[in-house]
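Chain by chain, the residues run as shown.
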Amino acid sequence: MKYHITIGEYRVNTLRSVSVKRSVEQLSDTAVITFPGTLINQPLEVNDKINVGDPVRIELGYDGYMNEEFTGYVKRINTDDTEIRIECEDELYLWEVAVKDKQYDGSLRPVTLKTILQDLAKQVNGKYAIECDFDFSYSKFTIQAATALDVLRKIQDETKANIYFEGTTLHIHPLYGNGSWSGNTVKYDLAQNVVSANLQYKKAGDQKLKVEISYKNIKGESKNISYGEGSKVIKRTVNTNNPESLNAIAKNEYNLWCYDGYEGDLTGWLIPFCQPTDKVEIIDKSKQYKNGTYYVIATDVSFSESGGRRKVTIGRKV
């Protein structure tokens, strides 16, 4: 096992453990780097070397096979007598800045997600590209006494979109939309390169699900639309009256809960490399009818003297 970790100007040479959590359902990727509190019977001093805001890069793997698992910034430094924990966050760390109050009026022309996010990116530092294929617009959107992070959270809560960073590109995609796929496919054979699996097979027809979206039209009247049929009803309220956006939200929510195939997670080693937005092909030679390819929602990587593991959480079957 090998690692290459840099924090600010320094390279890490002594390490207890590393964990990296990445997910398209969470706004930020996070990492925790843990050092021993002492080295050769002397306290390990980091306060004069590591500072909040320092850039962080983590590569993990094996001899001759390393992959970048995380890039971001130091968010918090925790020290005690036994260990030192460096908590890190991806580019979202830089979005915790106040933005100007503004009200977007979509009465004449709908306000798109991309418009709002481009305005935010310019106020953060202007270096971010926006990759958005979510056809969603607001009839009205208000920003008041908020940070750029607050606005991102509001958008994710109202749209249930996949919002995540890839370097300095902010991605916004509908769940399982074409733009949300990385194009990489990783194979996991349950009999060969899987340490453990927590998978259950289900069918969409067994879900009996209906999604109801409540909204107000231009006249201020409360209206509803629905998607799917079933006794289990998921209700949501949104701040838009654009028909295409409402249908996209309803379908997005339905797909979140309703699909044929596995749900759950599996755990392998650091090889093969796998990240959210990849596709995972699950192979079970004893039950080939269950074989299929799935969208990767999240990964959880652990690295220590006990070994390297990657837990992969899957979403909908492709």
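It should be emphasised that the depicted structure is a prediction, and the values quoted were computed from it without experimental measurement.

Undergrad: Even after reading the chapter, I still don't get the overall build of the protein chain, so can you show me in this structure?
TA: A count of helices and strands for the protein chain gives three helices and 25 strands. Principal axes of the C-alpha set define a box for the protein chain whose edges measure 70 × 55 × 30 Å. Counting all 318 residues of the protein chain, 46% fall into the buried class. For the protein chain, the exposed surface amounts to about 16300 Å²; the carbon and sulfur share of it is 44%. In the protein chain, which carries 41 positive and 43 negative side-chain charges, the distance between the mean positions of the two groups comes to 6 Å.

Undergrad: What exactly am I supposed to notice about the nonpolar core here?
TA: Side chains of a nonpolar character, in soluble globular proteins, are inclined to be buried together. Core analysis: the biggest nonpolar cluster contains 42 residues, and Trp95, Ile116, Leu120, Val151, Ile155, Leu170 and Ile172 have the highest contact counts within it. Of all the elements in the fold, those that place two or more residues in this core are helix H1 (113-124), strand E12 (129-132), strand E14 (140-143), helix H2 (148-159), strand E15 (162-166), strand E16 (169-173), strand E19 (209-216) and helix H3 (243-257). Of all the elements, H1 adds the most residues to this core, at six residues. If sequence neighbours within four positions are ignored, Ile155 has contacts with Leu113, Ile116, Leu117, Tyr138, Phe141, Lys160 and Ile163. Judged by nonpolar contacts, the second largest core, of 22 residues, contains Ile7, Val12, Leu15 and Phe303.

Undergrad: What should I look at first to understand the sheet that holds E15 in this one?
TA: Whether parallel or antiparallel, the strands of a sheet pair through hydrogen bonds between backbone atoms. Here we have three strands laid out as an open sheet, ordered E12-E16-E15, and mixed in their pairing. The open sheet terminates on both sides in strands that have one partner only, identified here as E12 and E15. Between one strand and the next, the sheet's axes are offset by a mean angle of 20°, whatever the strand orientation. Where H1 meets the sheet, its contacts fall on E12 and E16, and the angle it forms with E12 comes to roughly 165°.

Undergrad: So what exactly am I meant to see when it comes to the sheet that holds E19 here?
TA: Ordered by their spatial adjacency, three strands build an open sheet running E20-E19-E21, and the pairing between neighbours is mixed. Every interior strand has two partners, whereas the edge strands, strand E20 (222-227) and strand E21 (232-237), have only one. The average undirected angle you get between the axes of adjacent strands in this sheet is 25°. In this structure, E19 lies alongside E20, joined through six bridges in antiparallel fashion. Note on E20: the bridge partner recorded for Ser214 is Asn224.

Undergrad: Looking at this structure, I do not really get the pairing of strand E9 (residues 83-89). What am I missing?
TA: Both faces of the sheet carry side chains from a regular strand, because those side chains alternate between them. Across the seven residues of E9, five count as buried, placing the element largely inside the fold. Bridge count for strand E4 (residues 30-36) against E9 is seven bridges, and the pairing is antiparallel. Across the sheet, residue Ile33 finds its bridge partner in E9, namely Ile86. With six bridges joining them, strand E8 (residues 65-79) and E9 adopt antiparallel strand pairing.

Undergrad: Explain the packing of aromatic side chains to me, please; I cannot follow it from the model alone.
TA: The geometry of two aromatic rings is summed up by the distance between their centres and the angle between their planes. Tallied over the full model, the rule gives ten aromatic pairs. Aromatic pair Tyr3 and Phe303: ring centres 6.1 Å apart, planes at 75°, arrangement edge-to-face. Of this pair, Tyr3 sits in strand E1 (residues 2-7) while Phe303 is found in strand E24 (residues 292-304), placing the two residues 300 residues apart along the sequence. On the basis of relative accessible area, Tyr3 is assigned to the partly exposed category, the value being 24%. Taking relative accessible area as the criterion, Phe303 reaches 5% and is therefore assigned buried. A centroid spacing of 5.4 Å and a plane angle of 65° characterise the contact between Trp95 and Tyr128, whose relative ring orientation is edge-to-face. Pair noted here: Trp95 is in the loop between E9 and strand E10 (102-105) and Tyr128 is in the loop between H1 and E12, with a separation of 33 residues, a long-range link. Judged by its relative accessible area of 0%, Trp95 falls in the buried class. Over the aromatic face of Phe141 sits the side chain of Lys154, whose NZ or CZ is 4.4 Å from the ring centroid.

Undergrad: What exactly am I supposed to notice about the packing of H1 against H2 here?
TA: Between H1 and H2, the shortest axis-to-axis distance is 10 Å and the interhelical angle comes to 160°. Looking at the two axes, H1 sits roughly antiparallel to H2. By crossing handedness, the relation of H1 to H2 is classed as left-handed. Counting all contacts with H1, which are made through Leu113, Ile116, Leu117, Leu120 and Val124, the residues of H2 involved are Ala148, Val151, Leu152, Ile155 and Thr159. Its residues assigned to classes, the contact of H1 with H2 comprises nine nonpolar, one polar and no charged.

Undergrad: What am I meant to see in the pattern of salt bridges here?
TA: Pairs may arise between side chains of opposite charge once their charged atoms sit close together. Evaluated as defined, the whole model comprises 16 salt bridges. One salt bridge connects Asp300 with Lys21, and the closest N-O pair in it is separated by 2.7 Å. Of this pair, Asp300 sits in strand E24 while Lys21 is found in strand E3 (residues 17-23), placing the two residues 279 residues apart along the sequence. Accessibility expressed as a relative area gives 43% for Lys21, which makes it partly exposed. Its salt-bridge partner being Lys75, residue Glu89 comes within 3.5 Å of it at the nearest N-O pair. Note that Glu89 is positioned in strand E9 and Lys75 in strand E8, a separation of 14 residues in sequence. Judged by relative accessible area, which is 6%, Glu89 ranks as buried. Judged by its relative accessible area of 30%, Lys75 is partly exposed. Where salt bridges share partners, they join Arg57, Glu59 and Glu68 into one cluster.

Cut-offs applied
- Here the residue index of a chain counts from 1 through its sequence in written order.
- Only residues with pLDDT of at least 70 are given local features in this predicted model, and only at 80 or more are side-chain atom pairs given and counted; all residues enter the totals for whole chains, interfaces and linings.
- Just so you know, side-chain values use all the structure's heavy atoms and leave hydrogens and water out.
- Segments assigned H or I by DSSP are reported as helices when at least four residues long, segments assigned E as strands when at least two residues long, and all are numbered from the N terminus.
- Exposure is judged per residue with a 1.4 Å probe applied to protein chains only, and the accessible area is read against the type maximum: over 50% gives exposed, under 20% gives buried, and values in between give partly exposed.
- Only the protein chains shown count as cover for residues, and all accessible areas are computed by the Shrake-Rupley method using a 1.4 Å probe.
- Counting rule applied: Lys, Arg positive; Asp, Glu negative; His and chain ends not counted.
- Positions of charges follow a simple convention, taking NZ of Lys, CZ of Arg, CG of Asp or CD of Glu.
- For this analysis, a nonpolar core means a set of buried residues of the types Ala, Val, Leu, Ile, Met, Phe, Trp, Tyr and Cys, connected via side-chain atoms within 4.5 Å.
- Contacts were defined at the residue level, with two residues in contact if any of their heavy atoms lie within 4.5 Å.
- Any two strands with at least two DSSP bridges between them are considered paired.
- Only the stretch in contact is used when fitting a helix axis, every axis being a line fitted to C-alpha atoms; angles between N-to-C directions are given from 0 to 180 degrees.
- To pair, rings of Phe, Tyr and Trp, with the six-membered ring standing in for Trp, must have centres within 6.5 Å; the planes then decide the type, stacked if under 30 degrees apart, edge-to-face if over 60, and tilted in the middle.
- Placement of a charge over a ring requires the Lys NZ or Arg CZ to be within 6 Å of the ring centre, with the centre-to-atom vector within 35 degrees of the ring normal.
- Should an angle lie under 35 degrees it is considered roughly parallel, over 145 roughly antiparallel, and from 65 to 115 roughly perpendicular; all remaining angles are considered oblique.
- What makes a crossing left-handed is the near helix being turned counterclockwise from the far one by less than a right angle; a clockwise turn instead makes it right-handed.
- We call Asp, Glu, Lys and Arg charged. Ala, Val, Leu, Ile, Met, Phe, Trp, Tyr, Cys and Pro are nonpolar, and the rest, Gly among them, are polar.
- When a carboxyl oxygen of Asp or Glu lies within 4 Å of a side-chain nitrogen of Lys or Arg, that pair is called a salt bridge.

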